[in-house]
Structure formats: C-alpha cells, structure tokens
Amino acid sequence: MSADPLLDQATAAHLAAVAADPRGAHVGIVAPGGYGRTTLLHHLGRTIHAATGAEPRLAQPPFDQPAPVLLVDDAHLLDDADLRALRRLATTTRLVVTARPHPRTPALAELLDLTQDQLLPAPFDAAQVRAALPARLRTDRFVEFAHTQTGGVPAFVDRLARTATGELEVPKAALAEFRPELARLDDDVLRFLLAADAGVGLHLDLLVDLLDADTDTDAVHDVVEAARATGLVGTAGTLLPIAQRAVRALVPVERRAWMRQRLAELQLARGGQVLALMRPLATTGIGGASAAAAFTAAAGEALPADPALAARLYAAAITAGRPAVEVGARRAEALALAGDLDGALRLADQVITTESAPHRRDAAAVAATALAHRGQLARSAQLYRWAGTPEAHHFATLATIGIGDKADALELDGPPTSLASAISLMAQGLQESVTGTPTTALSMLVRAAATLEPVGRGVLLPDSPAALGAILGLHYGELGTATSLLDRAIAAGTGGVPLAIRHRLLLAWISMLRGNLTAASEGLAAARRSTRTLEPRDWLFAVAIELGVARRAGDAATLGRAWLQAGEAVLRHPVDLFTFLPLGELTVAAARVRDESRLATHLEQARALLAGLGDPPLWATPLWWGGLHAAIIADQRGAAEENAEALSRAAARDEQFGAVAAAARCWLDLTDGKVDPDAVEDAARGLHGAGFTWDAARLAGRAATKTTDRAAMVRLLDCARMVQGKPVAPRRVSTSDISVAEAAVEMPAEVSLSERELQVAELVVSGLTYKDVGDRLFISAKTVEHHIARMRQRLGATSRSELLSQLRTLVGSSVVRD
C-alpha cells in the first residue's frame, strides 16, 4: 500500500489534532487485519514528529528503553509480560498502539484502557477505492467490481490494484497473497471460514457441533470474533468475495469437501436443508454412506426448481455408494422433468422390472407420463392403472378419454392439497368436455390451471390443465382464454421442460390463427431451439404449425418441404383426441399438395374415436373445419357439405359454434359462385370475434374476388382489412355512386381470380420477385407479369401499391411490403 493512508478531510484533521495534543495522550488504533493499521501507525508517527518535534521510535520487545514516543504495532500478538512492560512505560512515554479487536486479553485491555484516543479505521468507500486504483483501472465498472470484491478493505484493494489487468476478474496473483494469512490461522478459525464458504454463516447450533465446542456458545463466539479480526469476514459472518475466492483457490479441495459433508451430516440430523452444501460436491466423486444420504436429500430439494441438477445429485449419490435401484424412480422423475425422456424411460423400466426395488409404482407413473408425451396413451393408461396412486388414476382417466374410451373421473381421494385438487379438476374438466357443456369444461380446466400454478413447477404431468384448456379454447373460439392460460403456465414453469415446449407451441398456434405469421414462426423456432429433439406429440404440432404458416403465407416451397416431415410425424404419433388441431391442419395441407391418401387411415381412426365418445362437437370442430376446406380444395362437394352440415348441427346445440358454421355456409356458397355480402361480412366478423383473424380475412377477401358487384367488392375488402387491423381504404362506393363509377371506368362482368392467379398473388405479396415467383410455380417471369397485369385490370387498381394492398387483403397475408 502507499506510504500515506487515504484519508478524508475530516479524518486527516482529527489525526493532526491528535498528533499535536499537548497532553501527549496515548493513542490506540484498533481494526481487523488489512484495514491499514500499520500504515496509519507510521503516518501518525510522522505527524507527531512534525507537530511536536519528538522523534517516534518503532518499539520491539523487550520494552525496556524509554523514549518520547513509542510506536507499537500488533499489540494483540504480545504476551502479558510485554504488555505489562508497556503499561509501566506509559507513565513517561507517549504510546501509539495498534491491535486487532481479537484476541483481547485482560493485559491488552488494560493497556488500551490507557489510550485517550482510539482510532477505528473503516473500509474504503467507492471514492477511496477509485483513488487507490491506478488511473487505467478507474472506470466505473471496475471501481464497482473492486469495491464489491474487497468490501473496501484497504489491503485487499491494494492487492487488486497491483495485479488487475482491467478485466472484471480477480487475478491468481492477488489470491496467492492470501496464502500466508490462511496458513497462520488457528484451526478452529479456518474451519469457521470453510463453514462460512459453505454458507452456514452464524448458524450457532451447527457451529457448536462443528467446532466441538460441547454446547459452549461462548467458545463459538470467540472463534467468530477471531475470524472477523482477520478482515476476511464481514459482520454477517460471510466471507468477503475476494476472501471466498482465495479460500476456494488455496485450501485443498478435499478439506473443503469434508467440511461441506460434515455440515450436511449435521443438517440432516436436524432435519435441515443440504442442497447448498452438496451442490458443489456433485462432481467431486466423494463417497461413503453419509455422503450418499446427503446427495439423496439434496436431490430431493433440487427437484422442484432444477430437475437437471437433481438428476446429477442422484447420480452423485449412486457414485457415493447408494444402490442405483433405490433412487432409480426419483432419478427417472428428475430426468423426465428436465426433458430427458429416453433416460427416464430407461431408468423407470429398470426399477419396474426389479421385483425387489422400492418405489416401483412411482417408476411406473414416470414411464406412463413419458409415454403420454410420446403419444402412446393406451400404454400410458395401463401403467397409470398399475401405479395405483390417486393421482395416477386421474391421469389414467385423461389417457383413456384421449384414446376414445369413456371413463368416469374419480372423486378426490386423500388430503385436498393444491396438487391433488388440480389433478382431480383436470380429469373432471376433460370428462365434462366429452359428456357435458364446453363452458363448464373450460371453467374446470381454468380453475385446475390456477390451482396448480403455485406447486406445478416440479410436478411431472402427462399434460397440463393449461394446455388442455388452451386446446379447448382453440376448439371453442376462446383464444383470449387460451392465451392467458398458456402465458401463466409458462411463467409458473408448470410441468417442467417437456410442458414448457408444449405451451410455447400452442401459443405459436394461436398466433397463426390470428394471422400473425411472424410471431407464429418465431414461437415455433424458439420451441425447437429449447430442446435437442422434439417428442412425437410436440413434433406433430410443430410440423402442423410450419405447414399452416406456409399455407397462409403462400409459400409453396416450404409447404412441400414441411409435408415431407408431416408423413413421418403422423406415423410416429397415434391418433388421439388431443391431436385433432394438427390433424385438421394436416388435412387441408394434404389437399393442397394433392396427397390426401396419406391421411385417410388417420382420419378414419379419428372419426371412430369421436364416435366412441358420442361425437362431442367441442372436439370434432377442427376436423370438420379442416375437412371442409380440404374438400373445397379437392372439389369434393359432397364431403364439403357433410362437414358444413356437421358444423351447423353443432351450432344448433351451442351458439358459440355459430361463427364457424356461418362461415362454412358462406364457403359453400362461394364454391357455387354465390356471394351474399351481408352473410359474408357477418360470418367474417364472427370469426374475428372468436379470434380466427386469418380465416375471417380470408373469407372476406375471397368473397370480394367472386362478387360481380363493385360496391360489394369494396365493402368486403374493407371488412377484410378491418379484421386484420389494417386501415380501411379511403375509397367508399355507395349504391347511388355506382352509375357514376361505371361511366368513368368500364367495369368487367365479374371480378374473379383464378386459382393460379391467387397463387401468384400470395407469392407476390410475400415479397418475392417475379423471377422467384416463376421459379416456385415453374412458370416464366413474363407469365407472372401477365398474371399481375390481368389482376390489376380486374381489380381496377390505379397503381402498384393499390394493387398490392388489395391482393394482401384477398389472400389474407399478414406480410406488409410494397
């Protein structure tokens, strides 16, 4: 450190007054190690000499030579005889004495009692830390870093100042300077420092046992005060950050590991928590029965918040000597919650097939849940029934209904905990969705999701009430409720990693239906980035979203590529009730790529599943809606009418289905070349009100291309713009203005776009050049230009920007580019 201490103006003035004291009063300087006692001692000696002319002398034992002023450093290290000798000299000699606050023997206390002025150096504040650093390190970030790491202790600031390079890190050279200090420590003090490093702090009961103090808390307090006197420990019993780094770098790892293990043993004996103690030891390979027990307990603590860490701690318990089969079920649960379903199934099977293994039924529940995520609901239901717990029975109900078998939800059995209540409500809600009313079912699932939120982060679930509620909301036209459920489930971490992916995919689906294709694509990409491999259920939804976005954006190339994946996705996932959303989207895509036969068997299975449940309209709607559009694309009038009629029957039972049924009737009329502007506008607004923004704009835009009425066309285009949240065209045409418009512009007999023209329009408004459009459709750029010219003439557009605006509305694209 510098020859002179860094003093503020008030402290400097006080020292000057002390030095010039005409009484020659004795001075004590008391502070922990590193606080600059020695520097201040020499500074005060020079100040006394300047003020009084007396020549201070740095005294060493034996103290038998009087002098005008004696400077005595580290008086806490002197024996009683030397301290008594100093006390005798005090009658004729001015003393300036430094000492640590501990130890304070009676002889030292008597000596310090003679001092009329006691100086208590304090840690540096941020401004003093800045002044102590070389100019190159005086950035705000480094000053803050240095102050935080050192606690403002002057000696530690000096070590950092001399060795730092400017990076926000403590150099090894700075840590190496702590070695002599650590080597001089009493064994009990070092043990306390290791305990502080482990986070025990001032837990006196633990420290009594750790320090073998035989319930003598005074002895523990003595050790704590000795540790504080080193300057390495703060007032709360925690190590300063730089001191903690030094302890971890310089104390052998085996000693630190032993300390944590011993503390964990003591904590377990008291029923306390051990996760913070054992987490750093997970990869050390330590062994023994006590270590295995501590690792197992720590894993149980970690499971709700960090299942991946829990899995590593269970592995450490096995390394320490715990039989693998004893923790197999819990380790499998941890792996499943962390997203490793392969590992979970492997471990669960090992436990299930070992007759002597404990927790076999828990392992069966883990395997059942993993299989549910992979779409194997029949096998999942069998395992849940074999598991036999009340929660497993409720989950078996979900799986049974999912494969098309009616099952009665059991009443709550056992303590009505939040978890048990949520699982029971979820099963009852799903049962109600099949046999009761949609609103009641959705209400039950919403309540189940809310009940589960506080406790659901570390619970392994085959599906979440939020996901099931969101699916019902999508089927029923309650997209706002679906979004809220999913947002809250993601924030709460319900169901761990596997269900986080499912929740994100369902949010992406909602964005797609609302016409926000960019958000849908980003949500899909985020879900895929969050895991190495999507499980079959999630992959099916992901592929359907990719197909849906490509179809809505008019991206024929992506549609074709995604369809190749769709074939494998549907093969890997059996048809169940919870996959009707992607199955409906795949049905439309299959018709678009002329590959309907690939889904024929799956659609037959879906219809059989629905029949087994009594054809509940709440679950059948996505298939009917997708089937309608697939039939229209394939020009299968009979199939289109069947699906439209099914939607009408659903609307007769529940008016909430009315918007979709009305839209279906309008689509049938459009295939016949009939356009009822009032009916189309009402249907579009109804779809928009339910959240199906893209379908609403698509219907209004397609109707606008089919009408022969110029006023109706403009009105429907405005409707399409309105439901997409776009500005309505300033041009309004009333019935009285038609004759004027016809006199000014020769109107075509019919405003209608062919299928090829619609394909061109979709690609052009997505921002592709004529050449790119031609490459995708296997036509020349000149032909694309010809199609654009014809559409501009038919739509009466006076500029390219007006044409693109109308085409965007017609194709329902959310891409806005000129």
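Treat the numbers as computed from the prediction; the structure is a model and nothing was measured.

Basis of the calculations
- Residues numbered from 1 in each chain as written.
- Predicted model: local features only at pLDDT ≥ 70, side-chain atom pairs only at ≥ 80, totals over all residues.
- Heavy atoms only, no water.
- Helix = DSSP H or I, 4+ residues; strand = E, 2+ residues; numbered from the N terminus.
- Rg over C-alpha atoms; globule rule 2.2 N^0.38 Å.
- Buried < 20%, exposed > 50% of the residue type's maximum accessible area, 1.4 Å probe, protein only.
- Contact = heavy atoms within 4.5 Å.
- Areas by Shrake-Rupley, 256 points an atom, 1.4 Å probe, with all protein chains shown as cover.
- Lys, Arg positive; Asp, Glu negative; His and termini not counted.
- Charge placed at Lys NZ, Arg CZ, Asp CG, Glu CD.
- Phe/Tyr/Trp six-rings, centres within 6.5 Å; stacked < 30°, edge-to-face > 60°.
- Lys NZ or Arg CZ within 6 Å of the ring centre and 35° of its normal.
- Polar contact = N/O pair within 3.5 Å; in protein donor to acceptor, adjacent residues only side chain to side chain.
- Pairing = 2+ DSSP bridges.
- Right-handed = clockwise from strand over helix to strand, strands pointing away.
- Salt bridge = Lys/Arg side-chain N within 4 Å of Asp/Glu carboxyl O.
- 1 Å grid on protein atoms, 1.4 Å probe; cavity = no way out; pocket = protein on both sides within 12 Å on 5 of 7 lines; lining within 4 Å.
- Points joined across faces, edges and corners; volume = space filled by probe spheres on them.
- Nonpolar A, V, L, I, M, F, W, Y, C, P; charged D, E, K, R; others polar.
- Core = buried A, V, L, I, M, F, W, Y, C linked by side-chain atoms within 4.5 Å.
- Axes fitted to C-alpha atoms, helices over the stretch in contact; angles between N-to-C directions.
- Patch = residues over 30% accessible without salt bridge, like charges linked within 9 Å, V, L, I, M, F, W, Y side chains within 5 Å.

**Q** Describe in detail the overall build of the protein, supporting the description with residues and values.
**A** Summing up its helical and strand segments, the protein has 43 helices and five strands in all. The C-alpha atoms of the protein give a radius of gyration of 39 Å, which is well past the 28 Å a tight globule of 818 residues would have. In terms of its C-alpha atoms, the protein occupies a principal-axis envelope of roughly 125 × 75 × 45 Å. With 818 residues in all, the protein has 54% of them scored as buried. Considering only contacts within the protein whose residues lie at least 6 apart along the sequence, 64% involve residues at least 24 apart. Of the roughly 34600 Å² that the protein leaves accessible, carbon and sulfur atoms contribute 51%. In the protein, 83 side chains carry a positive charge and 93 a negative one; their mean positions are 5 Å apart.

**Q** So what about the packing of aromatic side chains? Which residues, and what values?
**A** On inspection of all chains with the given rule, the structure shows six aromatic pairs. Measuring from centroid to centroid gives 5.0 Å for Phe 156 and Phe 178, while their planes differ by 50°, and the two rings are tilted. Here Phe 156 is found in helix H7 (residues 154–163), whereas its partner Phe 178 is found in the loop between helix H8 (172–176) and helix H9 (179–184), with 22 residues between them in sequence. For Phe 178, a relative accessible area of 1% corresponds to the buried category. Ring geometry for Trp 509 against Phe 541: centres 5.8 Å apart, planes inclined by 65°, an arrangement best described as edge-to-face. One end of the pair, Trp 509, is in helix H27 (residues 496–513); the other, Phe 541, is in helix H29 (residues 536–553), and 32 residues separate them in sequence. The aromatic ring of Phe 178 is capped on one face by Arg 159, whose charged end is 4.5 Å from the ring centroid. Over the ring of Trp 386 we find Arg 361; its NZ or CZ atom is 4.8 Å from the centre of that ring.

**Q** Explain the side chain of Arg 37 to me, using residue names and the numbers behind them.
**A** Following the sequence through the fold, Arg 37 ends up in helix H2 (residues 37–52). You can call Arg 37 buried: its relative accessible area is 8%. For Arg 37, the side chain forms a polar contact with the side chain of Asp 74, separated by 2.6 Å. Discounting chain neighbours no more than four positions away, the residues touching Arg 37 are Ile 29, Val 30, Ala 31, Pro 32, Asp 74, His 76, Thr 98, Ala 99 and Arg 100.

**Q** Describe the environment of Gln 65, with residues and values.
**A** Looking at the secondary structure, you find Gln 65 in the loop between strand E2 (56–58) and strand E3 (69–72). As for Gln 65 and Val 224, which are separated by 159 residues in sequence, their C-alpha atoms are 37 Å apart. If we skip the residues at most four places from it in the chain, Gln 65 touches Arg 57 and Leu 70.

**Q** Explain the pairing of strand E4 (residues 94–99) to me, using residue names and the numbers behind them.
**A** Most of E4 sits inside the fold, with six of its six residues counted as buried. Residues Arg 94, Val 96 and Thr 98 of E4 are buried on one face, and the alternating residues Leu 95, Val 97 and Ala 99, pointing to the opposite face, are buried as well. The pairing of strand E1 (residues 27–30) with E4 spans four bridges and is classified as parallel. By the bridge assignment for E4, Gly 28 is matched with Val 97. The pairing of E3 with E4 spans four bridges and is parallel. Bridge pairing in E4 places Leu 70 opposite Leu 95. Crossover E3 to E4 through helix H3 (residues 80–89) is right-handed.

**Q** Residue-level account of the pattern of salt bridges, with values.
**A** All chains considered together, the criterion is met by 33 salt bridges. Taking the shortest distance from any N to any O, the salt bridge between Arg 23 and Asp 21 comes out at 2.8 Å. Taking the relative accessible area as the measure of exposure, Asp 21 reaches 12% and is therefore buried. One salt bridge in this structure joins Glu 225 and Arg 228, with 2.7 Å as the shortest N-O distance. With Glu 225 and Arg 228 both in helix H12 (residues 217–229) and three residues apart, the pair spans about one turn of that helix.

**Q** Quick one: what's the story with empty space enclosed by the protein, residue by residue and with numbers?
**A** Scanning the model with the defined rule gives five cavities of 30 Å³ or more in all. For the largest cavity, the calculated volume is near 100 Å³. Residue lining of the largest cavity: Gly 339, Leu 341, His 373, Val 497, Pro 498, Ile 501, Thr 531, Thr 533, Leu 534, Glu 535 and Asp 538, and that is the complete set. Split into classes, the residues belonging to the lining of the largest cavity amount to five nonpolar, four polar and two charged. In this structure, the second largest cavity is lined by Ala 372, Leu 377, Phe 395, Leu 398, Ala 399, Pro 462, Asp 463, Leu 468, Arg 537 and Phe 578. Ranked by the residues each element gives to the lining of the second largest cavity, the list is headed by helix H22 (residues 390–402), at three residues. Residue composition of the lining of the second largest cavity, grouped by class: eight nonpolar, no polar and two charged.

**Q** Residue-level account of the nonpolar core, with values.
**A** With 247 residues, the main nonpolar core has Phe 295 and Leu 577 as its most contacted residues. The leading source of residues in this core is H29, at eleven residues. Excluding anything up to four places from it in sequence, Phe 295 contacts Met 278, Leu 281, Ala 282, Ile 286, Leu 313, Ala 316, Ala 317 and Ala 320. Among the nonpolar cores identified, the runner-up in size contains 20 residues, and Ala 67, Ala 75, Ala 90 and Val 97 belong to it.

**Q** Give me the lowdown on the sheet that holds E1, citing residues and values where you can.
**A** Taken in spatial order, the five strands make up an open sheet running E2-E3-E4-E1-E5, and their pairing is parallel. In the strand order of this sheet, the two ends are held by E2 and strand E5 (117–119), each with one partner. Taking the axes of each pair of neighbouring strands and ignoring which way they run, one obtains an average angle of 20° across the sheet.

**Q** Quick one: what's the story with a negative patch on the surface, residue by residue and with numbers?
**A** Side chains of Asp 79, Asp 80, Glu 110 and Asp 113 sit close together on the surface and give a patch of like negative charge. Given a relative accessible area of 35%, Asp 80 falls into the partly exposed group.

**Q** Account for unusual backbone geometry, with residues named and values stated.
**A** Cis geometry is found at the peptide bond from Pro 61 to Pro 62, where omega equals 0°. Positionally, Pro 62 belongs in the loop between E2 and E3. Residue Pro 103 is bonded to the preceding His 102 through a cis peptide linkage, with omega at 0°. By the element assignment, Pro 103 lies in the loop between E4 and helix H4 (106–113). Although it is not a glycine, Asp 635 sits at a positive phi angle of roughly 60°. Within the element layout of this structure, Asp 635 appears in the loop between helix H33 (617–633) and helix H34 (637–653).

**Q** Give a description of the environment of Thr 397 that names residues and reports values.
**A** For Thr 397, the position within the fold is in helix H22. According to the relative accessible area criterion, Thr 397 is buried, its value standing at 5%.

Just distances and angles here, no functional claims.
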